[in-house]
Each structure stands twice: as structure tokens, then as C-alpha cells.
Amino acid sequence: MIDILVPVEQEGTQAVVRSWLKSVGDRVEINDPLVELETDKVAVEVPAPAAGILREILLHTDTEAVPGAVLGRIAAETEEPVRAEPVEALPPSKTSQEGQPFDKLRANGLRDPELRLSPAVKRALLQHDIDPKQIEGTGRDGRITRADVDRAVEQGVRSAPVEGVLPLTESGIASHDVPHDRMRLRIAENMLNSVTTAPHVTAMFECDFSAIMAHRARHKDAWAKKGVKLTYTAYIVAACAEAMKVAPAINSRWHEDRLELYDDINIGVGTALGEKGLIVPVLRKVQTLSLKGIASGLDELVEKARREKLTSADVKGGTFTISNHGVSGSLFASPIIINQPQSAILGVGKLEKRVVVREVGGVDTIQIRPMAYVSLTIDHRVVDGHQTNGWLSRFVEVIENWPLD
């Protein structure tokens, strides 16, 4: 018998079994995808470690899967099946699940022992306001799985109002509770750790995107015909790599006894996933890429992020991060360094037309230009204002003087 193990190295602090892609008795080949795990950051498919017959499933849907745990076992076709008791999801703790936030679930039937709902399913039902009795479970013994809830959400299933059940709060104000998912808890943990660990300082510059807009207008259609989507983010990433040359310490890691300067520039781009939170896929070795290579790589990563197909490798190894908060309308921001122990994060505000003064032939003129505020938030242990402003100055210079061809 060959054990199917939860990967020891996984991106994210916790993982649960989201779904099995094979059933007991199925024939599998080596590297066939067997089971999908979901962490607070990414969904990961675990491949078959060998060819044979899937004989046992030990960790079922919505069960917590710690690194190194046995998910199931594969046997040669001639071996007799070996039965083992499945590991069920841990029952909800009384302190966390029996309190007031779950009154609505109790009224809707989630406390019915016959439903045997896992914590992950309960959180999803609460978040989307779905009555579990409206869902037909496809899991073991008819249990409702997270995939069943996802399908119900897509179909627009919602709970009917429950008479006589009112949410109560200490303030007496009507409200309802939405449990934190793993991604939101991980984001909160990262942000708190970041501001606790590093003294943050932010510098703000203004940047004229006229040259970028002209270049993009000239080339985007031709590049699109070749399958390359030319976005403003591609120019921003390229300018970041160029600015690292004047302040290499921005691309570094703080240690108590030294500063580790990275040779490779691996840039993470914060990607919003709507109500699901934020993830930061990483484009590697940007210093070796052309603008076309950057654009192509970004398009692939962002598409994978939005389809929830990122692997653990896609979100590891970043040395610098970009937060393009302007896409949602923000003019100014002072982003927190998302991934400690990185030393800096660039914030890019909303691109909009503004009136500016430009000197033409020795005479001041008033012009309308596409402008954006850009900020660099740094770990003040690593660099000071001189390097910060030098980096931003070079970044702005590259953006404003981008050649047309």
C-alpha cells in the first residue's frame, strides 16, 4: 500500500480537503490528480504518487489536512482492499460554534445531528445565507460538501426567512454574522505581523502617464493579435525593476545581523478576488524580461488567480510587491508591506486627468495630463528617505520618459 500524503510544503497555514477527484476502486496512473486541497491562499491538486487502485480515502471532504497527513492509500490491483475508519472533520467547539452568531444556523437546522455538517460547510452556509435543507448532499452518506454549497450559490439558492429568530447584539442593533474564512484570517494575521515587525514610512510622488498611454495606444492592438494583453501594470512592473538599480536595498530582506540583497527581482502583484479577499501572485526574474514578457506573464498569473488555479509556487518567493489600489478608485494610499520579510511595497493610485503646470520654451503653461499618485512604503530599518526618494524618482522618470517605439 502506498500512502497519499498532504504536501509538507504548502502555501498557507491550514488546509482542508475540498474534493476527491477519484473514488475508492478507481484505477489511477502516476501523477493523476487525486484530491484537491484548499488553503487560505490557494487550491492545490495532490497527484497520485504511483499507479494502482485507490483503496482507501482517510480524509474526506472538509476535513482538516495537516502537512504530512495520510489522505488515502493506493494499492496494486492484485492487493486486497484494506478498510480503515475515515477521519471525520473535528466537531465544532462549544466556545466557538455554540454562541450567539450561530443562532440563525440552529434555527435553520444546522444543529440537526443528521446533517453532520463540517465547520467549513457551516461557514459557507452562513456567509451565503443558505438553508442546508435546500441542498442535496453529494458527499459520503449524503453529506453536504463545500462543492455542494458552491453549486447552490451559483444557482442562487437562498434561505427563507425564519420566523421568530432575530439576531441579538449587546447594543440592541439588528445585525447578522459572517464567519471569517481562512483567507481573511490569514490576511489579518499577515497585516498585524507586518506593522508589528517593521516601522513603516511612506513617501508620495506624482507621476505623468502620458508617455505610457501613447506607447500603449500604439502597440496594444498589434500585441493583442499575438495573444499578449498590454496593461498599465506591465509598465509599472518594468519601471520597478529599473528603479531597483539606483536603490538595490529596496529589493532586500532584513536580518538581525545583516541585509540580504536579492539578485533576482521577483515582483508580486496584489490581485483582488472580490469578496474572497486578496492574493499576490509573483512574477519571477523581472530583470530578465522584456515588456512583452512581463505583460504575458502577468496576464497568465492574474487569470489563474481569478479562476482560483494558482499553485503554491505561483505565490512564493516574492521580493517586492505592487498594490494597484487605483483600479478601485483610490487616489492616495499607504499600503502595508504585505509579505514580510520584504522591505517595500509600491502603491499606485487612480489614473485621472488633472491640470498641471509645464514649462514650454521657458514659459509656464497650463496643461491637462493623465496623472497618478505613487507611493513607496518602506521598512525604515532597511532604508532611509534618501534611498526611498531616489527609487521613486527613478521610477517616475522611467514612466514619464517611456519611448514611443
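Our structure's up above, just so we're on the same page.
In this report, we go over the structure that sits alongside the text. (Residues numbered from 1 in each chain as written. Predicted model: local features only at pLDDT ≥ 70, side-chain atom pairs only at ≥ 80, totals over all residues. Heavy atoms only, no water.)

Observations concerning the overall build of the protein
Part 1: Counting its regular elements, the protein contains nine helices and 18 strands.
Part 2: For the protein, the proportion of its 405 residues judged to be buried stands at 44%.
Part 3: For the protein, the accessible surface area stands at approximately 21,200 Å², while carbon and sulfur atoms represent 52% of it. (Helix = DSSP H or I, 4+ residues; strand = E, 2+ residues; numbered from the N terminus. Buried < 20%, exposed > 50% of the residue type's maximum accessible area, 1.4 Å probe, protein only. Areas by Shrake-Rupley, 256 points an atom, 1.4 Å probe, with all protein chains shown as cover.)

Side note on the environment of Asp131
Part 1: Residue placement: Asp131 occurs in the loop between α3 (119–128) and α4 (146–154).
Part 2: It is 8.4 Å that separates the C-alpha atoms of Asp131 and Val157, two residues lying 26 residues apart in sequence.

Quick look at empty space enclosed by the protein
Part 1: For the coordinates displayed, the defined rule picks out two cavities of 30 Å³ or more.
Part 2: Of the voids in this model, the second largest cavity is the one considered here, and its volume is about 30 Å³.
Part 3: Surrounding the second largest cavity, Ile267, Val269, Pro281, Val282, Leu283, Leu298, Leu301 and Val302 form its lining.
Part 4: Those elements that place two or more of their residues in the lining of the second largest cavity are β11 (267–269), β14 (282–283) and α8 (291–306).
Part 5: The element best represented in the lining of the second largest cavity is α8, accounting for three residues. (1 Å grid on protein atoms, 1.4 Å probe; cavity = no way out; pocket = protein on both sides within 12 Å on 5 of 7 lines; lining within 4 Å. Points joined across faces, edges and corners; volume = space filled by probe spheres on them.)

Observations regarding the nonpolar core
Part 1: Counting residues in hydrophobic clusters, the biggest one holds 54 residues, and the most contacted among them are Ile250, Phe320, Leu346, Trp391 and Phe395.
Part 2: Looking at which element gives the most residues to this core, the answer is helix α7 (residues 232–243), with nine residues.
Part 3: One finds Trp20, Val28, Leu34 and Leu59 within the second-largest nonpolar core, a separate group that totals 17 residues. (Core = buried A, V, L, I, M, F, W, Y, C linked by side-chain atoms within 4.5 Å.)

Here's the deal with α8
Part 1: Along its 16 residues, α8 runs 22 Å from first to last C-alpha, staying within 8% of the 22 Å computed at 1.5 Å per residue.
Part 2: Among all positions in α8, only Leu291, Ile294, Ala295, Gly297, Leu298, Leu301, Lys304 and Ala305 are buried.
Part 3: The inward-facing, buried residues of α8 abut α6 (210–225), α7, β11, β12 (271–272), β13 (278–279) and β14.
Part 4: Glu308 lies just past α8 and shows a positive phi near 60 degrees. (Expected span 1.5 Å × (residues − 1). Contact = heavy atoms within 4.5 Å.)

Comments concerning the pairing of strand β4 (residues 33–39)
Part 1: Burial of β4 is extensive: six of the seven residues sit out of reach of the surface.
Part 2: As defined by bridge partners, strand β2 (residues 15–20) adjoins β4 across five bridges and the pair is classed as antiparallel. Bridged to Val17 within β4 is Leu37. (Pairing = 2+ DSSP bridges.)

So, the pattern of salt bridges
Part 1: Counted under the stated rule, the structure contains 16 salt bridges.
Part 2: Of the charged contacts, one joins Arg73 and Glu56 as a salt bridge, the two residues approaching to 3.5 Å between their closest N and O atoms. With Arg73 in strand β7 (residues 70–75) and Glu56 in strand β6 (residues 52–57), this pair connects stretches of sequence that are 17 residues apart.
Part 3: Using a relative accessible area of 4% as the deciding quantity, one classes Glu56 as buried.
Part 4: With its nearest N and O atoms 3.2 Å apart, the salt bridge here joins Arg354 to Glu206. A residue pair is termed long-range when its members are at least 10 positions apart, and Arg354 in strand β17 (residues 352–360) and Glu206 in strand β8 (residues 200–208) qualify at 148 residues.
Part 5: A relative accessible area of 34% means that Glu206 is categorised as partly exposed.
Part 6: Where salt bridges share partners, they join Glu242, Lys245, Arg394 and Glu397 into one cluster. (Salt bridge = Lys/Arg side-chain N within 4 Å of Asp/Glu carboxyl O.)

A word on the environment of Asp148
Part 1: Summarising the element assignment, Asp148 is placed in helix α4.
Part 2: Along the sequence, Asp148 and Ile135 sit 13 residues apart, while their C-alpha atoms lie 7.2 Å from each other.
Part 3: Non-local contacts of Asp148, meaning those with residues more than four positions away in its chain, are made with Ile135, Glu136, Gly137, Thr138, Gly139 and Arg143.
Part 4: Of the polar contacts made by the side chain of Asp148, one reaches the side chain of Arg151; its length is 2.2 Å. (Polar contact = N/O pair within 3.5 Å; in protein donor to acceptor, adjacent residues only side chain to side chain.)

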